[in-house]
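Architecture at a glance
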Amino acid sequence: MRKIHRLSSVGSTNDLARTLIASGCQNGEVIISDIQTHGRGRDVKKWISPPGGLWFSIILFPTNFNPDKLALFSLIVGLVMSKTIENQTGLYCAIRWPNDLYLKEKKVSGVLIESKLRLNSVEWLIIGVGLNLNVDKNLLPEGAGSIKEELKAEIEREKIFSALLSDIEKAYIDFQEDSLKFLPEIRERCLSLGRRVRFNLDDRTLIGEAVNIDEKGRLVVEAEGKTYLLLSDVELL
């Protein structure tokens, strides 16, 4: 049975996960908190984490994990969350590349993968998850939504949490055996594909079309007659 650290408040579950790793924790340990006071997403963006949400991190010590597939794995976690939410609530959440879930054009979830690399392997991996589950509308930032807001009812938090842990664990095992099996569904659920996007490259800003997601999880964008493989975020137009 996995060890779960349950907290009423924490700065960031991912930050605490790093502390636990440094102190010698076990593979599969989980941190979940009722609120985060300093939650964050990609590029140190602030993530509002009020009561009612699911804020948790999973600590893993992989034995067979290709570092080149970290971006793809983040998308796989998003896919798993999308399908789990749909199975549990009937709500369809689309994937916004590279790490968010959207419900009817409102952001409801984000994934933050952090890792430590050693040579050509991953020494440790943290899966950080934020889900606006039963968060009241007045506590949400502009552009965000919640499962409760859409259903007009609260969802059993522990049931969703347990299902997500189980489904992410299964996907993690499957990913190490065949990482590419998830790509068709990721592409199907990704709202970014087929959209015009703006992105920065060196000292230039380009506009193109997102046409695909490659085998490493990179966004394939065609712009000005060239093809770009992106790992940094893009702006949807």
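This text gives an overview of the structure that appears in the document. (Residues numbered from 1 in each chain as written. Predicted model: local features only at pLDDT ≥ 70, side-chain atom pairs only at ≥ 80, totals over all residues. Heavy atoms only, no water.)

A separate point is the overall build of the protein. Counting secondary structure elements, the protein contains 5 helices and 12 strands. In terms of C-alpha radius of gyration, the protein reaches 17 Å, essentially the compact-globule figure of 18 Å for 237 residues. Each principal axis of the C-alpha distribution contributes one length, and for the protein these read about 50 × 45 × 35 Å. With 237 residues in all, the protein has 51% of them scored as buried. (Helix = DSSP H or I, 4+ residues; strand = E, 2+ residues; numbered from the N terminus. Rg over C-alpha atoms; globule rule 2.2 N^0.38 Å. Buried < 20%, exposed > 50% of the residue type's maximum accessible area, 1.4 Å probe, protein only.)

Moving on, we come to the pattern of salt bridges. Between side chains of opposite charge, a pair can form when the charged atoms approach closely. By the definition in use, this model includes 20 salt bridges. Across the salt bridge formed by R2 and E169, the nearest N and O atoms sit 2.8 Å from each other. Within this pair, whereas R2 is found in the segment before β1 (4–10), its partner E169 is found in helix α4 (residues 157–177), the two being separated by 167 residues in sequence. Overall, R2 belongs to the partly exposed group, its relative accessible area being 32%. Classification of E169 as partly exposed rests on a relative accessible area of 42%. (Salt bridge = Lys/Arg side-chain N within 4 Å of Asp/Glu carboxyl O.)

With that settled, consider the nonpolar core. L54, F56, F73, I127, L131, I186 and F199 are the most contacted members of the largest nonpolar core, which totals 58 residues. Of the residues forming this core, the biggest block, 10 residues, is contributed by helix α2 (residues 70–89). When near neighbours in sequence (up to four residues on either side) are disregarded, F73 contacts F65, I113, L125, I127, Y172 and F175. Counting residues in hydrophobic clusters, the runner-up holds 8 residues, among them A17, I31, I59 and I126. (Core = buried A, V, L, I, M, F, W, Y, C linked by side-chain atoms within 4.5 Å. Contact = heavy atoms within 4.5 Å.)

With that out of the way, let us pick up the sheet that holds strand β4 (residues 94–96). Reading across from one edge, β1-β2-β3-β7-β6-β5-β4 is the order of the 7 strands in this open sheet, with mixed pairing throughout. Each edge of the open sheet is held by one strand with a lone partner, namely β1 and β4. Neighbouring strand axes in the sheet, compared pairwise and without regard to direction, differ in orientation by 20° on average. The pairing of β4 with strand β5 (residues 100–103) spans 3 bridges and is classified as antiparallel. Following the sheet pairing, R96 is matched in β5 by D100. Its contacts with the sheet place α2 against β4, β5, β6 (106–118) and β7 (121–131), and it is angled at close to 145° to β6. (Pairing = 2+ DSSP bridges. Axes fitted to C-alpha atoms, helices over the stretch in contact; angles between N-to-C directions.)

Turning our attention to the sheet that holds strand β12 (residues 235–236). One open sheet accounts for 5 strands, arranged β11-β10-β9-β8-β12; its pairing is antiparallel. Each of the sheet's edge strands pairs with one partner strand only, and the pair in question is β11 (226–230) and β12. Bridge count for strand β8 (residues 196–201) against β12 is 2 bridges, and the pairing is antiparallel. Residue pairing for β12: V197 is matched across the bridge by L236.

With that out of the way, let us pick up the side chain of R96. Relative to the assigned elements, R96 resides in strand β4. On the accessibility criterion, R96 (11% relative accessible area) is buried. Only 3.4 Å separates the side chain of R96 from the side chain of D233, close enough to count as a polar contact. Within the structure, the side chain of R96 is placed 3.0 Å from the backbone oxygen of V234, a separation counted as a polar contact. Aside from chain neighbours lying at most four places away, what touches R96 is Y102, L191, S192, D233, V234, E235 and L236. (Polar contact = N/O pair within 3.5 Å; in protein donor to acceptor, adjacent residues only side chain to side chain.)

Moving on, we get to the pairing of β11. Here strand β10 (residues 219–223) runs beside β11; their pairing, made up of 5 bridges, is antiparallel. Following the sheet pairing, L219 is matched in β11 by L230. Taking the residues that link successive antiparallel strands as the turn, the β10-β11 hairpin has 2 residues, and the phi of E224 there is positive, at about 50°.

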